[in-house]
Amino acid sequence: MTQNDKIAMRMEGITKRFPGVLANDRISLECRKGEVLGLLGENGAGKTTLMNILYGLHQPDSGKIFINGKQVTIESPAKAIELGIGMVHQHFKLVDTLTALENVILGIPSEHPLVLDLAPARKRFLALCEEYDLYVDPSVEVWRLSVGKQQWLEILKALYRDARLLVLDEPSAVLTPAEGEQLFKAIRKLTAEERSVIFISHKFGEVLEITDRITVIRDGHVVGTVPTKEATYPELARMMVGRPVAMDRKSRPLAAKKDPILVMENVEAMSDRGLPALKNINLTLHPGEIVGVAGVDGNGQLELAECIVGMRKRTSGTIRIQGLNVDHVMDDPSFVGYIPADRQKVGLFLALTVAENLIVKDYYKAPFARKSVLRYSAIRQHAKDLIKDYNIKTPSGEVEVANLSGGNQQKVVIARELSDQPAPVVASQATRGLDLGAVESVHNFLLAERERGAAVLFISTELQEVMSLSDRIIVMFRGEVMGEVDGNTADVDTIGQMMLGETAEVSA
Amino acid sequence: MSPDMIIDWLQATLRWGAPLILVAMGEVFAERSGIINVGIEGIMLTGALAGIAVSFFTGNVFLASIGTMLLGALLGLGVAYLTVSRRTNQVVTGLMVNLAALGGTNLLFALLSESRHERVATFPLLFPASFSEIPVIGPILFRQPVSTWFALILPFFAAYFLYRTDWGLNVRAVGDNPKAAATAGLPVIKLKYEAVILSGIFAALGGAALTLSEVGYFASGGMTAGRGFVVLAAVVVGGWDPVRVALACLVFGAADAAQLRMQAMGSTIPYQFLQMLPYVITLIALAGLVGRTRAPKTWGAPYDPADI
Amino acid sequence: MKNEKQPRFLSLPGIGDLALSGVRPLIGISLGLLAGAVLIAISGVNPFTAYVAMLQGALGSPQAIANVLVRASPLLLGGVGVALGIKAGLWNVGIEGYMYAGAIGATWVGIAALPVSPLVHITLAILAAGVVAVIWGVAPAYLRAYRGVNEVISTIMMNYVAIFLVSYLVHEPQPMAEPGSFFPMSLQLAPTARLPILLRGSSLHPGFIIGLAACILFYLILRFTPFGFRTRMLGVNPVGSRYAGVNVKRQILFVLLIGALAGGVAGAVEVMGLKGRLYMDFVAGVGYESVAVALLAAGNPLGVIASALFFAALKAGGATMSIQTGVGGPMTIIIEALCVIFVIGVGYSERKRLTRADKAVKGDEEVKHNVA
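Residues numbered from 1 in each chain as written. Chains lettered and ligands numbered in written order. Predicted model: local features only at pLDDT ≥ 70, side-chain atom pairs only at ≥ 80, totals over all residues.

(A) A look at the domain arrangement of chain A. The domain boundaries assigned to chain A delineate domain 1 (2-241) and domain 2 (262-336 + 422-499). Domain 1 of chain A and domain 2 of chain A are separated by 33 Å when their C-alpha centres are compared. (Domains from an automatic or database assignment.)

(B) Representation of the interface of chain A and chain B within the structure. Taken together, the contacts link 20 residues of chain A with 17 residues of chain B. Ranked by the residues each element gives to the side of chain A that touches chain B, the list is headed by helix H3 (residues 77-82) of chain A, at three residues. The residue makeup of the side of chain A that touches chain B, split by class, is 12 nonpolar, five polar and three charged. (Contact = placed C-beta atoms within 7 Å. Helix = DSSP H or I, 4+ residues; strand = E, 2+ residues; numbered from the N terminus. Nonpolar A, V, L, I, M, F, W, Y, C, P; charged D, E, K, R; others polar.)

(C) Spatial organisation of the nonpolar core. Grouped together as the largest cluster of nonpolar side chains are 397 residues, with contacts concentrated most on Phe458(A), Val475(A), Ala24(B), Ala234(B) and Leu76(C). With 16 residues, the single largest contributor to this core is helix H9 (residues 188-215) of chain B. A domain split of this core shows at least three residues from each of domain 1 (2-241) and domain 2 (262-336 + 422-499) of chain A. Apart from residues no more than four positions distant in its own chain, Val475(A) is found in contact with Ala294(A), Gly295(A), Val481(A), Met482(A), Gly483(A), Ile495(A), Met498(A) and Met499(A). (Core = buried A, V, L, I, M, F, W, Y, C linked by C-beta atoms within 7 Å. Buried ≥ 20, exposed ≤ 12 C-beta atoms within 10 Å, placed from the backbone.)

(D) Examining unusual backbone geometry more closely. All names here are of chain A. Here Ala-366 and Pro-367 are connected by a cis peptide whose omega angle stands at 5°. Backbone geometry places Arg-26, a non-glycine residue, at a positive phi of 45°. Counting through the fold element by element, Arg-26 comes out in strand E2 (residues 21-32). Look at Arg-26 and you get partly exposed, because 13 C-beta atoms sit within 10 Å. For Asn-280, which is not glycine, the phi torsion reads 45° and is therefore positive. The topology assignment puts Asn-280 in strand E12 (residues 276-285). Taking the number of C-beta atoms within 10 Å as the measure of exposure, Asn-280 has 13 and is therefore partly exposed.

(E) Region of interest: the packing of helix H6 (residues 146-164) of chain B against helix H11 (residues 242-265) of chain B. All names here are of chain B. In the contact formed by H6 and H11, the axes pass within 8 Å of each other and the chain directions differ by 150°. Taken together, the axes of H6 and H11 lie roughly antiparallel to each other. For H6 against H11, the interelement crossing comes out right-handed. Of the residues in H11, those in contact with Pro-155, Phe-156, Ala-158, Ala-159 and Leu-162 of H6 are Pro-242, Val-243 and Ala-246. By residue class, the composition of the contact of H6 with H11 is eight nonpolar, no polar and no charged. (Axes fitted to C-alpha atoms, helices over the stretch in contact; angles between N-to-C directions. Parallel < 35°, antiparallel > 145°, perpendicular 65-115°, else oblique. Left-handed = near helix turned anticlockwise from the far one by under 90°.)

Written as structure tokens, this is what we have:
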């Protein structure tokens, strides 16, 4: 029983489905009082969903949650707050236009409904700032704060509500090294007060430094839990990325070096939020090779792909495709085969038919349009051919793409992008969320492109498939290429370290 | 232009501006919560008729105000159900409410034919009539009914509520970032309902102020004559800030008063350009040509609670 | 799969799926008519008698049908202008303003006594209407396309500006104004600029033919031209459109301007076919009704034909109903509004469609995890 008293939070058999994804599959874990529990896993492994369930933002389809030994139903964030749970989301949940202090007290009823007296709140807030050595100016509007300060603010917001269990989702992603140190000091202080912290990350170094135990999640289920003292880097890496990588690499001769298809020189670009997303990228793609891009999601892969297909403006550098400047190439988007990462939001038109989706880049060209009139006979025939060639399972070409399964939706994108035989092919997260059979066929389509002599840039966060498919692998971290390895001799440790931006010091 | 004419014009500015301010103070909260209630024109029209009707049957202006506000709350509830819960297009919903209100008031007014063009009990003056003997400010300020004074004070209360109470803070948070507000434990849907209902209440009251302040009767059809849309314009021009919105209402009221005077005098100056003024200024404000108007971040967008 | 939550849908099972299959407008209209019946009953008239009278008023005689067609003319043109916008994901609610602007152009050319044949004069007047309306549409269309300004509010503002501009132009001493008239109005259109009457004893003019032609033309454009295909792409997925190489901004501009053109022609037809001159409230509210018409048709140009005729029949029949049964005339407007409110209120939001689409994807996932 005394053992039970020490458990701050326990989850049992949590299962959560979303349309299209089994996000959490019978997950069980516990967090003790005064401990830092590390939650380690790739992006999309289901960590964030699990924590959203804990915070009442999602309801689990099945499973139980215990707080301090009592079973609870957390139907809303308000309830979670009441239970002493605080959460700092990866994407901050702050109202930009309100001041720091207003954000802190948001949702806490003041003593008198008609008087919003900020003075006591300010005093208490400043006391918290001092206590944990995390200073934020209370009267500044949030949009003026640096991301680091916004992180402090989120933590202070939770502490202001006296959180006994604090969940930090990828806290250090936005912090400078010095701020990271500050954060760790604060976390140690919290645990000294018998508060518990769940620390979500995919940075091995800091997880090993700050946590007491580590639970690893992959593909929506728990792989295992280890005490941090006994954990080793390679073991964690294998748990996180999957089976020890022993792939059946298909034997294939390296293509003879010919003129490069794609050349990027000193390319830099901004993210949508106006922050530098690509730094000094140099990359050359030759015909008949697959170049893998490994890296944790959000380290510049999206921007890299969009620069190549001309959807994003470069701030400097040049991109040449078959010797032509990309800016001139892009008047015709079918010049580059592009499989975008988000197929439903970018790659497909769900309310249009399969046949229509297959021509969205070519609809104005012969044979689909002649004399400014769409020729449906040609469009239908084209759809028939591609449905057969790419083995798309659909009743006909006249069905809305929305009605197809994920794998077949992706095949529609692939058929459209590859059937014109473009010289460069950019495939971004091309297998995300697909079943094994569909993954296999996507891989085969890309290998066929390689045989044909196309230059394929294969971007994926799944290290395993990058390693099994690529001739060369580059690793991206914070918008930079950390290094390049040969696909035949690559090992998961080297790449894993580069993915985490920890090149030299953490060698197991 | 004689001083008398200017005094008369300023007096009318307040009189025409007051109903606009009343309506606008509700709309500010609705739009701050992210919902554009385009139905205020129709609700205002309904309020104008309801005010007259209740006043006619009870002879009591106070009861008329209460009854009108209740009706406004009910209509606001309807708009809130459609736009918040059913997530219908806010503008189309509002336009249909306006259409229904136009038909409804005409229909009911025909039934209430006995009260047609009969003057009913109106809002009394706030100050003794002797005050209006004071030169200049007397006729401008003290010949105004209670409703005008209420409208002049209301923006400050509205500003207080918006910036200095829990509820105001919550409404602002909901309009700018409903997801963050939900994460902080706020009942987003409920707050939106409350804000939209408030806009209904004040739109109805503004309508009543139109009929019960001076005119004292309801004119079938175009009683509100697009004033609801003038309010929508004022809210944009005033940058969603109660006091600035109220000032915009007064400016538009001044244009309205000037325009009416010019028409009455048979002036050759084209008064229609004064009538256009609110809409043209709003277009300029929307285009961001004068300063930077910062709309609530989810202005006019539906909110789906399942979408975290 | 079993614990899949039923979509919240007024907690009436089954209706949600019906709505998806396109029956939605019919359900909404039925509910609207039903609610109208309740109101008619409350006002002391047998709703059945009233609706029969309405039906007779709309379809009971050639003159009645002619009347419906006359009323349908501006709704067809205005409705199809809004519909094109809906297909592109835009709310072009500026039709009222385009009608006024177009009418200004048509009147300008129409009042001139030109030494030309009616055909030429009419063509010139309609052309002028189109030009003025498109110019009128440039400001909100540009602001939406290139500066991201909400087109809904800006077009409404433009509507009022247009109305007051007309008011200015028909007042003396403007050259267009009829001198000495009690009610401000423009000069009468020259006989050569009037649309011919097609049926004696009625005011049936060829406006509805122009409207029908526009609906069919817009349908063909949407279905059979690259421009129409781009428009539908834009409406379905703006991000994807950009990715597929569509110049999204230019497309938005064109779609809104074409809507303005349709609205302008609607205004011209109303002046040249029915009113014979321009005055301030010459189409009061028809522009907003066009929005309702397009909404009821879910943006489908062929559907616009049906819903415009329905609205016109409601208005024409409503007048008869009012005379024969004593139901107040404005009841028609209320029924109109109720029908639309029920149609949009009963509506399934677009995201539910996507959710349904996602369910199809789910199958894959389960396989994945069963294997793993």
